[in-house]
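# What the coordinates show
Listed here are the chains, written in short residue letters.
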Amino acid sequence: MEKSIFQIPFKVLRRYRFYKRSQFWTKTQIEQYQDKQLIKLVQHAGQHVPFYRDLFKNIGFDISTFRGRIDMHKIPTLDKEIVRTCQKELMADNAGKFGITWDSTSGSTGTPLHFVLDDAVQANKIAALLRSYRWAGYKLGKKTFSLQSYYFPEHDYKFNRFYNILRFDSNKLKKESALNVIKEINRLKPKFFMGFPFDILMLSNFAEDEGISINSPQSIVTYGETLSQKKRKFLEKAYNCKVFDFYSLHECAAMISECEHGNLHLIEDFAYHETLEENGVRRLVGTSFYNYALPLIRYETKDNIALSEKQETCSCGRHFRTVKEIVGKQCDYIETPDGRFLGSVMSHSIDNAKGVVCSQCIQNAIDRIDINIVVDETYNEDSQIALENGLRKRLGHEIKLVFMIVPQLERSRSGKTPFIISKIGNKYI
Ligand SMILES: [Zn+2]
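Everything quoted here is computed from the prediction, not taken from an experiment. (Residues numbered from 1 in each chain as written. Predicted model: local features only at pLDDT ≥ 70, side-chain atom pairs only at ≥ 80, totals over all residues.)

## Observations regarding the overall build of the protein
Tallying secondary structure elements over the protein gives 10 helices and 20 strands in all. Overall, the protein is about 65 × 50 × 45 Å in size when its C-alpha atoms are taken along their principal axes. Looking at the protein as a whole, 42% of its 429 residues qualify as buried. Long-range pairs, those at least 24 residues apart, make up 67% of the contacts in the protein between residues at least 6 apart in sequence. (Helix = DSSP H or I, 4+ residues; strand = E, 2+ residues; numbered from the N terminus. Buried ≥ 20, exposed ≤ 12 C-beta atoms within 10 Å, placed from the backbone. Contact = placed C-beta atoms within 7 Å.)

## Some points on unusual backbone geometry
Positive phi is not limited to glycine here, since Tyr-151 has a value of about 50°. With respect to the helices and strands, the residue Tyr-151 is situated in the loop between strand S3 (144-148) and strand S4 (157-160). The exposure class assigned to Tyr-151 is exposed, which follows from the 11 C-beta atoms found within 10 Å. Non-glycine residue Lys-189 carries a positive phi angle of around 55°. Within the secondary structure, Lys-189 is located in the loop between helix H7 (175-188) and strand S6 (192-195). Since 12 C-beta atoms lie within 10 Å of it, Lys-189 is described here as exposed.

## Overview of the sheet that holds strand S8 (residues 242-248)
The mixed open sheet is built from 12 strands, whose spatial order is S4-S5-S3-S6-S7-S8-S9-S10-S14-S13-S12-S11. Each of the sheet's edge strands pairs with one partner strand only, and the pair in question is S4 and strand S11 (271-278). Averaged over all adjacent pairs, the angle separating strand axes in this sheet is 30°, with direction ignored. Both S11 and strand S12 (residues 281-288) contribute to a ladder of 8 bridges, which runs antiparallel. Each bridged residue has a counterpart across the sheet, and for Glu-277 the counterpart in S12 is Arg-282. Here helix H6 (residues 119-135) sits on the sheet and contacts strand S7 (219-222), S8, strand S9 (255-258) and S12; the angle it forms with S9, its principal contact strand, is near 20°. (Pairing = 2+ DSSP bridges. Axes fitted to C-alpha atoms, helices over the stretch in contact; angles between N-to-C directions.)

## Examining helix H3 (residues 50-59)
Within the sequence span of H3, burial applies to Phe-51, Tyr-52 and Phe-56. Along the long axis of H3, the arc covered by the buried residues comes to 115°, so they all point the same way. Turned more than 90 degrees away from the buried face of H3 sit Asp-54, Lys-57 and Asn-58, all of them exposed. If you follow the buried residues of H3, they end up packed against helix H2 (27-48) and helix H5 (87-90). The first or second residue beyond H3 is Gly-60, which carries a positive phi of 65°. (Arc of directions from axis to C-beta.)

## Some thoughts on the domain arrangement of the protein
When cut into domains, the protein gives domain 1 (9-133 + 269-327), domain 2 (138-217) and domain 3 (334-422). Here domain 2 and domain 3 have C-alpha centroids that lie 27 Å from each other. Contacts between the two partners involve 11 residues from domain 2 and, on the opposite side, 9 residues from domain 3. In terms of residue count, the dominant contributor to the side of domain 2 that touches domain 3 is helix H8 (residues 197-209) (3 residues). Here the side of domain 2 that touches domain 3 is composed, by residue class, of 4 nonpolar, 3 polar and 4 charged. (Domains from an automatic or database assignment. Nonpolar A, V, L, I, M, F, W, Y, C, P; charged D, E, K, R; others polar.)

## Brief notes about the environment of Thr-417
You can see Thr-417 is positioned in the loop between strand S19 (400-405) and strand S20 (420-422). As a C-alpha pair, Thr-417 and Ile-267 span 150 residues in sequence and 27 Å in three-dimensional space. If sequence neighbours within four positions are ignored, Thr-417 has contacts with Thr-109, Cys-358, Gln-360, Leu-409, Glu-410 and Arg-411.

## Here we look at the sheet that holds strand S18 (residues 368-375)
Spatial strand order, S19-S18-S17-S20: 4 strands in an open sheet with mixed pairing. In this open sheet, the two strands that pair with only one neighbour each are S19 and S20. On average, each strand axis in the sheet is tilted by 20° relative to the strand beside it, whichever way the strands run.

## Brief notes about the packing of H8 against helix H9 (residues 229-239)
It is the contact of H8 with H9, at a shortest axis distance of 10 Å, that shows an interaxial angle of 45°. Considering the angle they form, H8 stands oblique to H9. The chirality of how H8 crosses H9 is left-handed. Of H9, the residues touching H8 (which contributes Pro-197, Ile-200, Leu-201 and Ser-204) are Lys-231, Phe-234, Leu-235, Ala-238 and Tyr-239. When the residues that make up the contact of H8 with H9 are grouped by side-chain class, the tally is 7 nonpolar, 1 polar and 1 charged. (Parallel < 35°, antiparallel > 145°, perpendicular 65-115°, else oblique. Left-handed = near helix turned anticlockwise from the far one by under 90°.)

## What about the packing of helix H1 (residues 9-22) against H6?
Packing of H1 against H6 brings their axes to within 8 Å, and their N-to-C directions diverge by 50°. When the axis of H1 is compared with that of H6, the two are oblique. Here H1 runs over H6; the crossing is right-handed. Of H6, the residues touching H1 (which contributes Lys-11, Val-12, Arg-15, Tyr-16, Tyr-19 and Lys-20) are Asp-119, Ala-123, Asn-124, Ile-126, Ala-127, Ala-128, Leu-130 and Arg-131. In the contact of H1 with H6, the residues fall into 8 nonpolar, 1 polar and 5 charged.

Next up, the structure:
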C-alpha cells in the first residue's frame, strides 16, 4: 500500500511549497528543470540500476554525455513486460536509502505489476496531486465525498471526521447502498466529489430512477478511466457542477490534470512526457523525475494522447503543455447476481497473480464470467488460487468463474484489449 500523507508529512509539505511556485514557471524554467532532473536520473540509473547498467553498455550509451530531453530518444522505451519480469534488475543497488514501499497495480490491461516507490516519489505524487485538486477547487479539510475501493467489511460507507470525508466503498455499488449514501450526501452536503466517472454516474442514475435529487457539490474530480465527452456532459448535468479530469499512474510515470480554465495540462514538473507516433496513434511515454529506488525511464503507459495543436499559454497562466484528448482506460462493467455494478474498481483484482502476462474478464451471463489469461512459465496452481481469491473478494461467491489459458486476448473495435468485456448489455455506458 502507498504511505499516507501523514507518514511523510514534512516531505509532502516541502514539495507542496515547491509545486505552488513551479506551476507558474516560464517555459524556459520548466525545460531547464526537466533537463537537470533527467540528467541526474539517467546518471543514477547508469551507476546504480543493474538493468540500465547492462542496457547502456549494450547500446553503447555514455551517461557522461547525456544532455537531457534532446538525448532521450537514445534510450529505448520501457515496456510493462520488462517491469513485470525484470523487477530485481530494475531496482537500484542502493534503493534502501531512499525509503521504499512495495506497490502493485494491474491497471487497465490486466497485467499484474509489482514495483517499489520511494519516499520522494510518493511525497511528490501526493503534493502534485493536491495541487491538481486545488485547481479543481479542493483544499485539505474541505468536506468531500469519495468513492473508492475501500473494502469496508461491514459498512457501505463511513464518514471520517478527521479528514472530513464521506467514503463510499465502490465494491458495494448497488441501488440500495447508493440510495442510502445519497441520503447521507444530502444530509452532510459535501462540496467536493471524487471517484471513477462510472461510479459517480451510477449514483445519479439510481437517484433519477427513484425521482430523488443529489445535493450538488461545487466540483467533481474523476480519475481511473477515460472521461469521455459523453460521460462528462452527463455528469455535469446530473450534478450541476463542473467536472475536472485527472490522469495518473501507480507507477508515477505521468500525470495530466485539468485546470480552472478547462484545459488538460501535462504536469511537467512531476514527470517528463513524450508522445511517440506509430500508425497514426500517439503513445504516451513518461519518465518520473523522482523514483530513484526503481527508475522507470521512457515508460510505455499503454495510453494514447493527442496534444493540442496550438500550444498557446493557457488563460490560467501556466506554461505546461496542453492535451486535447486522453485515450486511455475504458472498459465495460460487471453486473453481479446480488445487483452490484463493478466498473474500473475491478482493475486491481488480479494484482497478486504471478505469471499472468495479461488478462480479461468476459461476462457471458449474469452468473458466469470467463477469465481469459495469457501466462508465462512461472504461472502455477498458486497463481490461479491468487487470481480467484482476488476476483472473489470483489465478485462474491454466487458467480461462476471459468479460467482459460489463451494465446491472446479478445480485442475491442478500437484494437485495445479491455480488462472487462460484457456480453450481457451495457446500458449504463
Ligand atoms: Zn490552464
